[in-house]
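Structural overview for review
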Amino acid sequence: DEYGEVVSELVLFLSGRGDELTKRLTARMKRASSEKQFEEAATLRDRLSDIEKVTQRQRVLSARLVDRDVVATARHAGYGIASIVRIRRGKLVGCENVPLEFSPETSDGEIREAVLKQFYTVATDVPNEVLVHGETPGLEEVAAWLTAAHGHKVVVAVPVRGEKRLLGEFAEQNARTALRRAFDSRRAPTAVIEL
């Protein structure tokens, strides 16, 4: 039972529902304190403190408590990076950068379509909305497939203005930064180049 409770709390935290977890832990801490289980109460207090530290560092990306993923890509020659920014309850909870290899003739839209199909084939946490930065073919098919596969309506769209467009630009910048880092790590050190 204890193990199940810990797993349940971890799932809440990782899915961006830290507020709900905080309420649960606070109630348990008060109950432990009133029952004079002070060690348990202290452990819960420390856990609450840790959660508070982590959630303070989370960036709020939307005033609305929405769950969405934002997908963008960056490329150079036959190499690229797909960045999947995960937003849960309006907060940035994670970002996955996936390396890509493709032929130079492959269009950006085809790359994004392939990323969507491959990434969400294995993804277990699919939000109600997936935003894609840049024109991408086959979005209606991807949305229908995700809706059928995950048992809830999933909208896949290309935002053109407003907050959603800015989120797409944020994801694209993240992909460009990751691509630059990947190439920097492959470059020979300055001393070797000078030699």
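Placed above this text is the structure.
Before going into details, it helps to say that this report is about the structure given with it. This structure is a prediction, so every number in the text was calculated from the model and none was measured.

So, helix H2 (residues 18–34)
- Look at H2: 24 Å from first C-alpha to last across 17 residues, which is about the 24 Å you get at 1.5 Å a residue.
- The complete set of buried residues in H2 reads Gly18, Leu21, Leu25, Arg28, Met29 and Ala32. Each buried residue of H2 sits inside an arc of 105° when the element is viewed along its axis, so together they form one side. Opposite the buried face of H2, by more than 90 degrees, sit the exposed residues Lys23, Lys30 and Ser34.
- Where H2 ends, the next residue or the one after it, lysine 36, has phi of about 60°, a positive value.

Remarks on the sheet that holds strand S1 (residues 68–76)
- The mixed open sheet is built from five strands, whose spatial order is S3-S2-S1-S4-S5. Strands with a single pairing partner mark the edges of an open sheet, and in this sheet they are strand S3 (91–101) and strand S5 (155–157). For this sheet, the mean inter-axis angle between neighbouring strands, taken without regard to orientation, is 15°.
- Two elements, S1 and strand S2 (residues 79–88), share nine bridges in a ladder whose sense is antiparallel.

Quick word on the packing of aromatic side chains
- Inspection of the entire model under this criterion finds one aromatic pair.
- Ring geometry for phenylalanine 119 and tyrosine 120: centres 4.9 Å apart, planes at 90°, overall edge-to-face. Tyrosine 120 shares its class with phenylalanine 119; the two are buried.

What about the nonpolar core?
- Ranked by internal contacts, the top residues of the largest apolar core, which has 20 residues, are Val71, Leu116, Tyr120, Val130, Leu146 and Val156.
- Mapped onto this core, the elements with two or more residues apiece are S2, helix H4 (108–122), strand S4 (129–132) and helix H5 (139–150).
- Among the elements that line this core, the one with the most residues is H4, at five residues.
- When neighbours within four sequence positions are excluded, leucine 146 is seen to be in contact with Tyr120, Val126, His152, Val154 and Val156.

Scoring rules and cut-offs
- Residues numbered from 1 in each chain as written.
- Predicted model: local features only at pLDDT ≥ 70, side-chain atom pairs only at ≥ 80, totals over all residues.
- Heavy atoms only, no water.
- Helix = DSSP H or I, 4+ residues; strand = E, 2+ residues; numbered from the N terminus.
- Expected span 1.5 Å × (residues − 1).
- Buried < 20%, exposed > 50% of the residue type's maximum accessible area, 1.4 Å probe, protein only.
- Arc of directions from axis to C-beta.
- Pairing = 2+ DSSP bridges.
- Axes fitted to C-alpha atoms, helices over the stretch in contact; angles between N-to-C directions.
- Phe/Tyr/Trp six-rings, centres within 6.5 Å; stacked < 30°, edge-to-face > 60°.
- Core = buried A, V, L, I, M, F, W, Y, C linked by side-chain atoms within 4.5 Å.
- Contact = heavy atoms within 4.5 Å.

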